[in-house]
Amino acid sequence: MTTVERRSRQDRILRALDHLRDGTTDEVDEVSPFGPEEYRDPEIARQERDHIFGTVPSIVAHSTEVAKPNDFLTLQMPRNKVIVVRQQDGSVKTFVNLCRHRGALLEEEERGQCRILSCPYHRWSYNTDGSLRAITKGQTFGEVDSVERGLVELPTEERHGFIWVVDRAGAEIDVASWLGEEMDEILSEYPLADYVAVRAEGFDEPVNWKLMQDAFLDGYHIQYAHPNTAAKHIHTNVMTFEDYGRHCRFIAPRKSIDRFLEEDSTGHDLSQYVTETHFLLPNSTLLKQPDHFELLTFRPHPTDPGQSRMEMRLIVPKVEDSHLDEAKWTKLWDKNWEILLAVLHQEDFPLLRSSQSGMFSADAAGMLLGRNEVANQLFHREKRRLIAEGEAARG
Ligand code: FES
Ligand SMILES: [Fe+2]
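**Some thoughts on unusual backbone geometry**
The residue after L281, namely P282, is reached through a cis peptide bond having omega 10°. Checked against the element boundaries, P282 lands in the loop between β16 (274-280) and β17 (284-288). The phi dihedral of N70 falls on the positive side, at around 80°, and the residue is not glycine. Mapping N70 onto the fold places it in the loop between β2 (58-62) and β3 (71-76). According to the C-beta neighbour criterion, N70 is partly exposed, with 15 such atoms within 10 Å. Phi angles above zero are rare outside glycine, and H323 is one such case at about 60°. As for its position among the elements, H323 is in the loop between β19 (308-316) and α8 (326-359).

The structure is reproduced here in structure tokens:
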């Protein structure tokens, strides 16, 4: 971390302390309206799939989830079912999970290792670089151009310890330029590529992906929705916010910082008293905690605006870099994970499911994002911008 970076973090934390003393928070200029159709209209959902996920990079995994050559994982992107495979040369490729013979799903497992990808239907096989390797009883099948009939590849890039994919064959990918100079630099200061995704799990919820994403940019609900869990540790409705155009970050003070409301904080590194959250457009919340990271991603369902999948990852120092023995290290992160899961399943998900069911009311009227809901405002603003750009390009 550069000195400038450290100083600017300290300044931002001091600003959060001022907010705490004054009962204020960073705000944007206007209250912003939105409507229920954004959570239920199939045409809006199609625009989001095409103009957002089919156009810009989003994170699909941490690099350590496909650590070695032939390691793969499969997932449902908004437009395609995909397989992500680590190549022999160490790079990562993503393919549409579909056999080019008659369309069987090539790989059903969520994670594993494969030397070849072999179709369960008639046993055509593909190399892990996507090329067609063998056609079963080829002498009877007829002429096939095996270069033409390889797996369909999606643009993929590894950067800052994450694997990013644009969910459209033939699209361009350039993660650094998507992040922009400032956010790219912020992420490059973090040891994300040296850490390990100790836990990664997905949850299918009957909730639109934006309702989910919004809940994890929101410091306004903590005290009311999480009175006995998160609110014990984190202040409600206090944020210092930085807008980086497409992306943003904000600092939320933990309650442990309260001693510095009175005490002089000079000479103290205050970063251990805050959570610093990064929103990476279109669908990721990266939380920097004092000793680890959490990544939350939200993906629309391929057809139903009322469903989505959330993935949560706990990204932590490797055991050998941790000054803990393996048993203690495992126990520490197991406990962390259990706490995260409990808050999600018992507190956030029930609220979000009921919000989604409300959105389907025929006479649901317009709703509002407040000036204090700074990161949510940026998310909605930038999401609308992507859709408008995509529709304009479509003509
Ligand atoms: S569908 Fe894959 S081999 Fe026939
Ligand atoms: Fe919450």
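**Comments concerning the packing of helix α2 (residues 42-53) against helix α9 (residues 374-394)**
Look at α2 against α9: their axes get within 9 Å of each other, and the N-to-C directions meet at 90°. Between α2 and α9, the interaxial angle falls into the category roughly perpendicular. On the side of α2, the interface is formed by Q47, E48, D50, H51 and I52, while α9 contributes K383, L386, I387, E389, G390 and E391.

**A closer look at the domain arrangement of the chain**
Where interface size is given, it is often the accessible area lost as the parts come together that is meant. For the chain, the assigned domains are domain 1 (3-57 + 176-394) and domain 2 (58-173). Taken together, the contacts link 26 residues of domain 1 with 21 residues of domain 2. Secondary structure elements with two or more residues in the side of domain 1 that touches domain 2: α2, α4 (175-188), β13 (196-205), β18 (293-300) and β19. Ranked by residues supplied to the side of domain 1 that touches domain 2, first place goes to β18 with 4 residues. When its residues are assigned to classes, the side of domain 1 that touches domain 2 shows 16 nonpolar, 6 polar and 4 charged.

**Focus: the nonpolar core**
Counting residues in each nonpolar core, the largest one holds 83 residues, and the members touching the most others are V84, I163 and A375. Both of domain 1 (3-57 + 176-394) and domain 2 (58-173) provide at least three residues apiece to this core. Excluding residues that lie within four positions of it along the chain, A375 makes contacts with L217, F241, C248, F250 and F279.

**Here's the deal with the sheet that holds strand β5 (residues 92-96)**
Overall, antiparallel pairing links the 5 strands, which are arranged β6-β3-β4-β5-β10 in an open sheet. Across the chains shown, the open sheet's two edge strands, defined by having one partner strand only, are β6 (111-113) and β10 (153-154). By the bridge criterion, 5 bridges tie strand β4 (residues 81-86) to β5 in an arrangement that is antiparallel. The partner of R86 across the bridge, within β5, is V92.

**A short note on the pairing of β17**
Burial analysis of β17 places 4 of its 5 residues in the buried class, which makes it a mostly covered element. Relative to β17, β16 runs antiparallel, the two being bridged by 5 bridges. Residue pairing for β17: T277 is matched across the bridge by L287. If you look at the hairpin formed by β16 and β17, you'll find 3 residues sitting between the two strands. Relative to β18, β17 runs antiparallel, the two sharing 5 bridges. Each bridged residue has a counterpart across the sheet, and for T285 the counterpart in β18 is L296. Remark: 4 residues form the turn of the hairpin made by β17 and β18, two consecutive strands paired antiparallel.

Reading guide: rules and limits
- Numbering of residues starts from 1 in each chain and follows the order in which that chain's sequence is written.
- Each chain takes a letter, starting from A, and each ligand takes a number, starting from 1, following the order in which they are written.
- Given that this is a predicted model, residues contribute local features only at a pLDDT of at least 70 and side-chain atom pairs are listed and counted only at 80 or more, while totals for whole chains, interfaces and linings are drawn from all residues.
- Helix and strand labels come from DSSP, where a helix needs a run of H or I of at least four residues and a strand needs a run of E of at least two; each type is numbered from the N terminus.
- Burial is judged by counting other C-beta atoms within 10 Å of a residue's own C-beta: 20 or more means buried, 12 or fewer means exposed, and anything between counts as partly exposed, with every C-beta placed from the backbone.
- All axes are obtained by fitting lines to C-alpha atoms, using only the stretch in contact for helices, and the reported angles, taken between N-to-C directions, cover 0 to 180 degrees.
- Any angle from 65 to 115 degrees is called roughly perpendicular, while one under 35 is roughly parallel, one over 145 is roughly antiparallel, and all others are oblique.
- Here contacts are defined at the residue level, using C-beta atoms placed from the backbone and a cut-off of 7 Å between them.
- Where a domain begins and ends is set by an automatic assignment or by a domain database.
- Side-chain classes follow a simple rule in which Ala, Val, Leu, Ile, Met, Phe, Trp, Tyr, Cys and Pro form the nonpolar group, Asp, Glu, Lys and Arg form the charged group, and the remainder, Gly included, forms the polar group.
- Think of a nonpolar core as buried Ala, Val, Leu, Ile, Met, Phe, Trp, Tyr and Cys residues, each tied to the set through C-beta atoms within 7 Å.
- A pair of strands counts as paired when DSSP detects no fewer than two bridges linking them.

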